[in-house]
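Listed here are the chains, written in short residue letters.
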Protein chains: 4
Amino acid sequence: MKYVGSNVEDIKIAYIGGGSRGWAWGFMSDIAVAEDISGTVYLYDIDYDAAKANEKIGNSVKYISGAKSSWQYKASDNIEEALQAADFVIISILPGTFDEMESDVHLPEKYGIYQSVGDTAGAGGIVRALRTIPMFEEIAEKIKKYCPDAWVINYTNPMTMCVKTLYSVFPEIKAFGCCHEVFGTQKLLKSALEEMCGFKNIKREDIKVNVLGVNHFTWITKAQYKDTDIFPVYREFADKYRESGYKGEGDENWLNRFFSSTQKVKFDLFLRYGYIAAAGDRHLAEFCPGDWYLKDKKTVEEWGFALTPVSWRKEDLQRRLEKSRKMLIGEEKFELKETGEEGVEQIRALLGLRDLVTNVNIPNYGQIPNLPTGAVVETNACFRANSLMPVFAGNIPQEIYPMINRVCAEQENVVKAALRRDIDGVFNAFVTDPNINIPIDEARSLFNEMLENTREYLKMYF
Amino acid sequence: MKYVGSNVEDIKIAYIGGGSRGWAWGFMSDIAVAEDISGTVYLYDIDYDAAKANEKIGNSVKYISGAKSSWQYKASDNIEEALQAADFVIISILPGTFDEMESDVHLPEKYGIYQSVGDTAGAGGIVRALRTIPMFEEIAEKIKKYCPDAWVINYTNPMTMCVKTLYSVFPEIKAFGCCHEVFGTQKLLKSALEEMCGFKNIKREDIKVNVLGVNHFTWITKAQYKDTDIFPVYREFADKYRESGYKGEGDENWLNRFFSSTQKVKFDLFLRYGYIAAAGDRHLAEFCPGDWYLKDKKTVEEWGFALTPVSWRKEDLQRRLEKSRKMLIGEEKFELKETGEEGVEQIRALLGLRDLVTNVNIPNYGQIPNLPTGAVVETNACFRANSLMPVFAGNIPQEIYPMINRVCAEQENVVKAALRRDIDGVFNAFVTDPNINIPIDEARSLFNEMLENTREYLKMYF
Amino acid sequence: MKYVGSNVEDIKIAYIGGGSRGWAWGFMSDIAVAEDISGTVYLYDIDYDAAKANEKIGNSVKYISGAKSSWQYKASDNIEEALQAADFVIISILPGTFDEMESDVHLPEKYGIYQSVGDTAGAGGIVRALRTIPMFEEIAEKIKKYCPDAWVINYTNPMTMCVKTLYSVFPEIKAFGCCHEVFGTQKLLKSALEEMCGFKNIKREDIKVNVLGVNHFTWITKAQYKDTDIFPVYREFADKYRESGYKGEGDENWLNRFFSSTQKVKFDLFLRYGYIAAAGDRHLAEFCPGDWYLKDKKTVEEWGFALTPVSWRKEDLQRRLEKSRKMLIGEEKFELKETGEEGVEQIRALLGLRDLVTNVNIPNYGQIPNLPTGAVVETNACFRANSLMPVFAGNIPQEIYPMINRVCAEQENVVKAALRRDIDGVFNAFVTDPNINIPIDEARSLFNEMLENTREYLKMYF
Amino acid sequence: MKYVGSNVEDIKIAYIGGGSRGWAWGFMSDIAVAEDISGTVYLYDIDYDAAKANEKIGNSVKYISGAKSSWQYKASDNIEEALQAADFVIISILPGTFDEMESDVHLPEKYGIYQSVGDTAGAGGIVRALRTIPMFEEIAEKIKKYCPDAWVINYTNPMTMCVKTLYSVFPEIKAFGCCHEVFGTQKLLKSALEEMCGFKNIKREDIKVNVLGVNHFTWITKAQYKDTDIFPVYREFADKYRESGYKGEGDENWLNRFFSSTQKVKFDLFLRYGYIAAAGDRHLAEFCPGDWYLKDKKTVEEWGFALTPVSWRKEDLQRRLEKSRKMLIGEEKFELKETGEEGVEQIRALLGLRDLVTNVNIPNYGQIPNLPTGAVVETNACFRANSLMPVFAGNIPQEIYPMINRVCAEQENVVKAALRRDIDGVFNAFVTDPNINIPIDEARSLFNEMLENTREYLKMYF
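Being a predicted model, the structure only gives us computed values, none of them experimental. (Residues numbered from 1 in each chain as written. Chains lettered and ligands numbered in written order. Predicted model: local features only at pLDDT ≥ 70, side-chain atom pairs only at ≥ 80, totals over all residues. Heavy atoms only, no water.)

A. A look at the overall build of chain A. When helices and strands are tallied, chain A shows 17 helices and 14 strands. Here the C-alpha atoms of chain A give a radius of gyration of 21 Å, agreeing with the 23 Å that 2.2 N^0.38 yields for 462 residues. If one aligns the C-alpha atoms of chain A with their principal axes, the spans along those axes are about 60 × 55 × 45 Å. Computing the positive centroid from 55 side-chain charges and the negative centroid from 67, chain A places the two 2 Å apart. (Helix = DSSP H or I, 4+ residues; strand = E, 2+ residues; numbered from the N terminus. Rg over C-alpha atoms; globule rule 2.2 N^0.38 Å. Lys, Arg positive; Asp, Glu negative; His and termini not counted. Charge placed at Lys NZ, Arg CZ, Asp CG, Glu CD.)

Spelled out as structure tokens, the structure:
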């Protein structure tokens, strides 16, 4: 890459999972409106055709009205070409197919275990991790070989365990994991401020939060908007909506049936523990003792959120494939639509074009003193030229410490056991998961069935 | 007290709970055979008559054949007299009566929650803590006022929370908690060595162990007998008895029906996690996820241990009352019988008469680096003249870290909330207990019922 | 204060030391060009006339061309009025007069101890601290009483010990210390980049540095400009000028005789220890073993820096007093001239008008893991709405650790001893200062003479 | 080795430096009176003849009246044979000859730097370390290869750096360093108790101390004898003898001219800093700022201790060689004389024959929380069967923290630099030593001369 005036040109970005019909399109959109950076995005995907399709779609973006920078897209049929001397690497993959995910999410229902997402923690998250960790080991090895100085942005779940794997294999890697769940909570705080205080036109970024925890089970210990401490406002708001739930601005889209949440889990956790849980209710629920919010379908309904069936994801994929097909033949146009993700701003900050403070997932250097050093945690961090340093976040508050520490340690155990191909060790972590409250022998059966269902991706363990 | 030659005379010991018909008698026995110390034991009990009875019994001990030292016993009807300028304080009380304990242990069964002991963690342990903490606050205040330099030995459960309370109220207190559960595990290791290696006449004290964890959920990370590493021996032993359980030397006493254990929980934890859980199975089970060993009565039976009903404790109390009555009127004789407890040896070491390294419960100064500083933990410690320093025990091994950290943090939360009389805060800890896997609203009902049942001892919270 | 659109109005700032003819004028200038904030600055000074003069000068600033905001100035004859409900407090005082400083700086020369500044560490810094600490105790008490929620910005030296005093007296204080020495080093790095790489028009702020250490003995462990790692560039630059020194752009002003530095100390430290010392050479020299750079006047000359005589400060004060007089009678005009200090930007960030990452002096929460928690350290920190959180800076590199840790601990000891009015304790720290290499009895004489000379300000110790 | 009843037989001990005419004889004496252990001591020395001589001497010991156990001695001409399957390794070597030591100790006098011992810290200690570290690297490698499970006892100076080297090369090594300096201080405390309190016949071991620091600069923060806190007694004692010094029981031996000390340094440090420095004054002085106690010969004399000239060591060696010669030809008899060292008791404890708590030098695991993890520190530790665990010692008290931390970090830097053969890195540590207060260029000359003088042992660095 090279610096020309206030612009940076010839940036090379490797996009692992570049055949994606979701995240990749969002990224194309975001990067097209960043006017001071340009270069080439190498799209690598195990589905090369998908990458080729995205190459074509991507190369059309710069002609769309509103595009401010010019990016080339190039599908690679080998990861080495994509990574070679890359300045940035984006990792956003689906480990396996939705068939595996279906087993992850729904098989446990047979044992009375319900999961609202099933990609992070719990039975689904752990078995997904077993598939993902070996893939990330390979990616980390390749990055070490082909672009050790690249900045690596991961969007793949299970986030914590993916990032931990990268650092375990290549400790000098410059990697971090990004997740928008905290943004969603900032938006909720914005709604609370607007409703309770009459403020108008608040920007999400102006809600300043101190974030800590592990991905999808992050908590806010301080939230400020200008001179307003948001905690008392949010308390009033949570009290108001604790029973009914908060519906927001009527997002009546049919999609929402399976993603909806009325924030009741978030309100309950806040009203009981005094800190703002900062992820979607579907995620939060999975980190809590199983009987709290996920005992059965009725409980889920009462708490006002939804279990997302993988069948929906499969249907949705069909829609996105169709959309891709149409874009390729020109029947549909690519839409420039900012995603609200911060990936592009992070890239600009790492290039030295701005400073940025936002939340990311990286190893704990002491930003959370009462979680183990080296465990992957989520806090704010400071992005500047070629530098990412965590902002000190403080201790996990005592009240929520047992819940967070437990899952943090569990995820550490899963990664460590998976890296040494120790299935029993993984099971020992599995069986202590808060959402797996069944006898050991049943847990063993469940675990074995889940492995059996996804065995194609787990050969290295046997 | 004063040093005369190699003896120490005129030692003053205050025994809080001195009316006890169990521990107190054991202590009388142990101290009677320590030939180099003598003095007076002040017996304080809220049941003054019981203390008076023990005064009489105690004063007879020195005449028994085998008694090597002469101790005076004196019942006090006020704690101040007992504590005034005491050199040592022993705390061994029953918080409330067995009626309260009955509620602690058995009420949760209505909600499908079974407890084998119910005095340490879980529903029973937490509600017992609510009664005990205010008592220990008062004791700590009195010690601060009447004998701030005394060494304080606690035997009362819930051990961790009792000791934490003492230090919370009077941080300079010289207190520690003693528990014999590790000794029992050392004896099991001795059996394993004798059976698998053919060693003979091993003394428990010669099984050198590195102990860490929290009371009743302590673990051994290293065990050595002379030049034999006990871990591989124990592995073989555990494998041999994993199914059948280990019955030991046929302790066919009828009592054992309710205290029996065949070590299967211990073997299971070892075979799965690789470290030796070092407490009785009845205690260990309560710290594990509820469905593992305590799902229902059948599960308990399959794992070869027993739920101890409080009705048994009540009957047993009657037997001990009868025994007391008989000793008072001379129908029965006090028996000198060493208990195997180390309290007297600890006293001798603190007097400078020997060095002693053994396991105790004290705040964490760093002896377990990956548990929070200040949390009460159990490790070895070094007793020397007027000095008790923890021996560095190392990190809790990663595999068992989530289980131990969780309960350690939970107990910290109970004590902190109880000290600030925050019943909701206590409930927030209650509901995360591993053996309380029920929906929040049911947990709330259970909690409220338990409080209601024991409300006489809980007035300060309302 | 109140938020009006994107502006903040009615801000109340208390300026302690508001009679100053240097820093206060600079602050007036900086704040006059910040267009989105306005309010009142209360000027408090023990010299009320000086404050009155500055009130008049300050109130004229808004009429000057270039002024973008309107600030009222008001002299207070009592600190309570100034602090009452202040939003911000600025502390910039001279502890005592230049007569005391003369003793601090020059008396030690009698004992062969030379000081280039004498206000931070060493004999002068410590005795200055003895005067300053009681003043800061009082200020902290008053802030606690009159404006506990105010943000407090300290510019007074000895920086570390002043900030430590504030937090010792009022642990919840929202205080930080600001110093421009790192900025000077950034400018030197800018010169190096321009000279060695041919870059042009680099802005100081675009030199991104990771800063750590204690004030005036801060070090840079990473320095980046866009995609350029500055370390190798600076190495070449330091090698080039190690003998001759670097003169810069010919700042031939007569003033410089006493403030000049040719960066040779900085180059030497870098070339030997591998990290960039980030303060003026006059400051750095005082933290190093005395014989390195301050053995005698000749040594100082050879290292290309200057001892600043207090006589010069006295003369300079006369010039500034004259300038003040002229401005008051209209003979001279106030000049708007940005100082390069970041105080106003910090205020704007704390108001939520921007994010800012820059270096400050605050207690160590873990931003430097290998310095003691609670010691005041200098690192980057993140300023956002009503929030200041340190950025994790990492361990002090092993090579320079003994030098920094030593002085950090020494300053902790001075403050602790001074707070308990323990002159012997202060002496024990004094005698371990790296620039005080004389026998204990001589050190005692020196110390006593220095106290005697400044006794008017030290009555509380005797 | 094998356990037979309560004895352990066939123990193999490798003695590196086994040709010694001092320590080796003491060890032979100590081990001869331990009745429950026996086996073979392999004597390895680069001077094989010396080892052969000691073989003969050693084999005669068991016939001496008073010998209670039977040990074989065997000289080895290769270290591999000595180490092969050893149970214990003792390292007690002279790195180089007294000619090198003469340079270490006396050359710095040319630069005005005096050293009382010159084997631990300061100019002499550092250059001695340069010779020693490569030797210890080799020893560690060999231990790793030939007896990785052996317990390794080091007596060689510079103690801290030797032990650090062993652990750096072979992190799993079971090594510790022993030093009797603390025992000497215990004896002084015994004298103080006897003189001030009238106690009689105190045993050194009954003075219970909490020790912390680095070897030869260890400090006692708590000292107890039975129920007597020794601190106030020692304060009175130190006050009494602060001027005159304490001569003890008239050890008028001519030897003492060069080893004498009247404890004035120890008293001064105690009276100023409040903690008991626990090493001989000759050692303590070298860790303090050079001008305190070692400014010049007159200063040393005033402080009542002595500089030990290497010429004396050379003469003494001649005497010992002569003694050896006489013993070999039967003109002189080996004398059984217990040394007061604890090596043999440590061995017995590690064999499981007793428990022992005493001070040793091992890496910091957290026993001193405010020194870096991994740095070699001296505290109490608990010796039990095949186990050595540090006893928690607490933080270095704030008052003495800068002095101890500084030298701890300096020694870390020397070892790290020496291990990477970085002579400039060693110099950077050298020049910050508290007893090297000279300009950098002079320090460089001194350093270079010292290296030149001992270059035969330093080839690996060039």
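B. Here's a closer look at the interface of chain A and chain B. Each partner contributes residues to the interface: chain A has 30 residues there, and chain B has 30 residues. Here chain A meets chain B over a buried area of about 2600 Å², counting both sides, of which 55% is carbon and sulfur. When the buried area of chain A at its contact with chain B is split by residue, Gln398, Asn428 and Ile440 of chain A rank highest and sum to 20% of it. Where chain A packs against chain B, one counts 0 salt bridges. At the surface where chain A touches chain B, the tally comes to 11 residue pairs in polar contact (both at pLDDT 80 or more). Looking at the side of chain A that touches chain B, the elements that each hand over two or more residues are helix H9 (264-273), helix H11 (290-293) and helix H15 (401-419) of chain A. (Contact = heavy atoms within 4.5 Å. Buried area = accessible area lost by both parts, 1.4 Å probe. Salt bridge = Lys/Arg side-chain N within 4 Å of Asp/Glu carboxyl O. Polar contact = N/O pair within 3.5 Å; in protein donor to acceptor, adjacent residues only side chain to side chain.)

C. Fine view of the packing of helix H15 (residues 401-419) of chain C against helix H15 (residues 401-419) of chain D. Where H15 of chain C meets H15 of chain D, the closest approach of the two axes is 9 Å, and the angle between their N-to-C directions is 175°. Taken together, the axis directions place H15 of chain C and H15 of chain D in an arrangement best described as roughly antiparallel. On H15 of chain D, the residues touching Tyr401, Pro402, Asn405, Arg406, Ala409, Glu410 and Asn413 of chain C of H15 of chain C are Tyr401, Pro402, Asn405, Arg406, Ala409, Glu410 and Asn413 of chain D. Each residue belonging to the contact of H15 of chain C with H15 of chain D can be placed in one class, and the counts come to 6 nonpolar, 4 polar and 4 charged. (Axes fitted to C-alpha atoms, helices over the stretch in contact; angles between N-to-C directions. Parallel < 35°, antiparallel > 145°, perpendicular 65-115°, else oblique. Nonpolar A, V, L, I, M, F, W, Y, C, P; charged D, E, K, R; others polar.)

D. Molecular detail of the pairing of strand E8 (residues 207-214) of chain B. Residue and element names in this part refer to chain B. Across the 8 residues of E8, 8 count as buried, placing the element largely inside the fold. Residues Ile207, Val209, Val211 and Gly213 of E8 are buried on one face, and the alternating residues Lys208, Asn210, Leu212 and Val214, pointing to the opposite face, are buried as well. When E8 meets strand E9 (residues 217-225), the two strands line up antiparallel, connected through 8 bridges. Across the sheet, residue lysine 208 finds its bridge partner in E9, namely glutamine 224. Where E8 hands over to E9, the hairpin turn is made up of 2 residues, of which histidine 216 adopts a positive phi near 70°. Here E8 runs beside strand E13 (residues 376-384); their pairing, made up of 2 bridges, is antiparallel. Each bridged residue has a counterpart across the sheet, and for glycine 213 the counterpart in E13 is glutamate 378. (Buried < 20%, exposed > 50% of the residue type's maximum accessible area, 1.4 Å probe, protein only. Pairing = 2+ DSSP bridges.)

E. Molecular detail of the relation of the copies chain D and chain C. The two copies are related by a screw operation: chain D maps onto chain C through 180° of rotation and 0.0 Å of translation along the axis, at an RMSD of 0.0 Å. Here the symmetry operator amounts to a two-fold rotation axis. Taking C-alpha positions as the reference, the residue of chain D nearest the rotation axis is arginine 406 of chain D, at 3.0 Å. Take the interface residues of chain D: 100% of them recur as interface residues in chain C, which is what a same-surface contact looks like. (Least-squares fit on C-alpha atoms with pLDDT ≥ 70 in both.)

F. Representation of helix H13 (residues 310-328) of chain B within the structure. Residues and elements named next belong to chain B. For H13, spanning 19 residues, the distance from its first C-alpha to its last is 27 Å, which sits close to the expected 27 Å at 1.5 Å a residue. Tucked into the core, H13 has its buried residues touching helix H1 (23-32), helix H2 (48-61), helix H4 (98-106) and helix H10 (281-287). Directly beyond the C-terminal end of H13, a positive phi value near 80° is found at glycine 330. (Expected span 1.5 Å × (residues − 1).)

G. The arrangement of the relation of the copies chain A and chain B in detail. After a rotation of 180° and a shift along the axis of 0.0 Å, chain A superposes on chain B with an RMSD of 0.0 Å. Both copies contact each other with a shared surface, as 100% of the interface residues of chain A are interface residues in chain B too.

H. Quick look at helix H14 (residues 343-350) of chain D. Where burial is concerned, most of H14 of chain D is hidden: 7 out of the 8 residues are buried. A positive backbone phi angle near 90° is found at glycine 352 of chain D, which sits one or two residues after H14 of chain D.

I. Seen up close, the interface of chain D and chain C. Every contact between the two is made by 30 residues of chain D and, on the other side, 30 residues of chain C. Taken together, the two surfaces of chain D and chain C that pack against each other cover about 2600 Å², and 55% of this comes from carbon and sulfur. Taken together, chain D and chain C are joined by 0 salt bridges. One can count 9 residue pairs in polar contact (both at pLDDT 80 or more) joining chain D with chain C. Among the elements of the structure, helix H9 (264-273), helix H11 (290-293) and H15 of chain D are those that each provide at least two residues to the side of chain D that touches chain C. With 10 residues, H15 of chain D is the single largest residue contributor to the side of chain D that touches chain C.

J. How the structure looks around the arrangement of the chains. Where chain B comes nearest to chain C, the C-alpha atoms are still 14 Å apart, and the two do not contact one another. Taking C-alpha atoms as the reference, chain A and chain D come no closer than 14 Å and do not contact one another.

K. Fine view of the side chain of aspartate 36 of chain B. By the secondary structure assignment, aspartate 36 of chain B is in the loop between H1 and strand E3 (37-44). Among the polar contacts listed, one links the side chain of aspartate 36 of chain B to the side chain of arginine 348 of chain B, at a separation of 2.8 Å.

L. Looking closely at the packing of aromatic side chains. Enumeration over the complete set of coordinates arrives at 87 aromatic pairs over all chains. A ring pair is formed by tyrosine 273 of chain D and tryptophan 292 of chain D, whose centres lie 6.4 Å apart and whose planes are at 15°; its orientation type is stacked. Within this pair, whereas tyrosine 273 of chain D is found in helix H9, its partner tryptophan 292 of chain D is found in helix H11, the two being separated by 19 residues in sequence. An aromatic cluster of at least three residues, connected via ring pairs, comprises Phe231, Tyr234, Phe237, Tyr241, Tyr246, Phe267 and Phe270 of chain A. One cation-aromatic arrangement involves arginine 421 of chain C over tyrosine 461 of chain C; the distance from NZ or CZ to the ring centre is 5.4 Å. (Phe/Tyr/Trp six-rings, centres within 6.5 Å; stacked < 30°, edge-to-face > 60°. Lys NZ or Arg CZ within 6 Å of the ring centre and 35° of its normal.)

M. How the structure looks around the pairing of E13 of chain B. Residues and elements named next belong to chain B. Counting buried residues along E13, 9 of its 9 residues qualify, which places the element largely inside the surrounding structure. Pairing of strand E12 (residues 356-363) with E13 involves 8 bridges; the strand directions are antiparallel. Bridge pairing in E13 links asparagine 359 to asparagine 380. Pairing analysis gives 4 bridges linking E13 to strand E14 (residues 387-390), with the strands arranged antiparallel. Counterpart to cysteine 382 in the pairing with E14 is methionine 389.

N. Quick look at the nonpolar core. Membership of the largest hydrophobic core comes to 156 residues, with the highest contact counts inside it found for Phe430 of chain A together with Trp219 and Phe430 of chain B. Counting residues in each nonpolar core, the second largest holds 130 residues, with Ile404 and Val414 of chain C together with Ile133 and Phe217 of chain D among its members. (Core = buried A, V, L, I, M, F, W, Y, C linked by side-chain atoms within 4.5 Å.)

O. Spotlight on unusual backbone geometry. Of note, the bond from asparagine 157 of chain A into proline 158 of chain A is cis; its omega dihedral lies within 30 degrees of zero at 0°. Looking at the secondary structure, you find proline 158 of chain A in the loop between strand E6 (151-154) and helix H6 (159-169). Its identity as a non-glycine residue notwithstanding, asparagine 386 of chain D has a phi of 50°, on the positive side.

P. The environment of arginine 282 of chain B, seen in detail. Residue and element names in this part refer to chain B. Along the chain, the position of arginine 282 falls in helix H10. Considering only alpha carbons, one finds arginine 282 and valine 89, 193 residues apart in sequence, at a separation of 29 Å. Of note is the side chain of arginine 282, whose polar atom sits 2.9 Å from the side chain of threonine 308.

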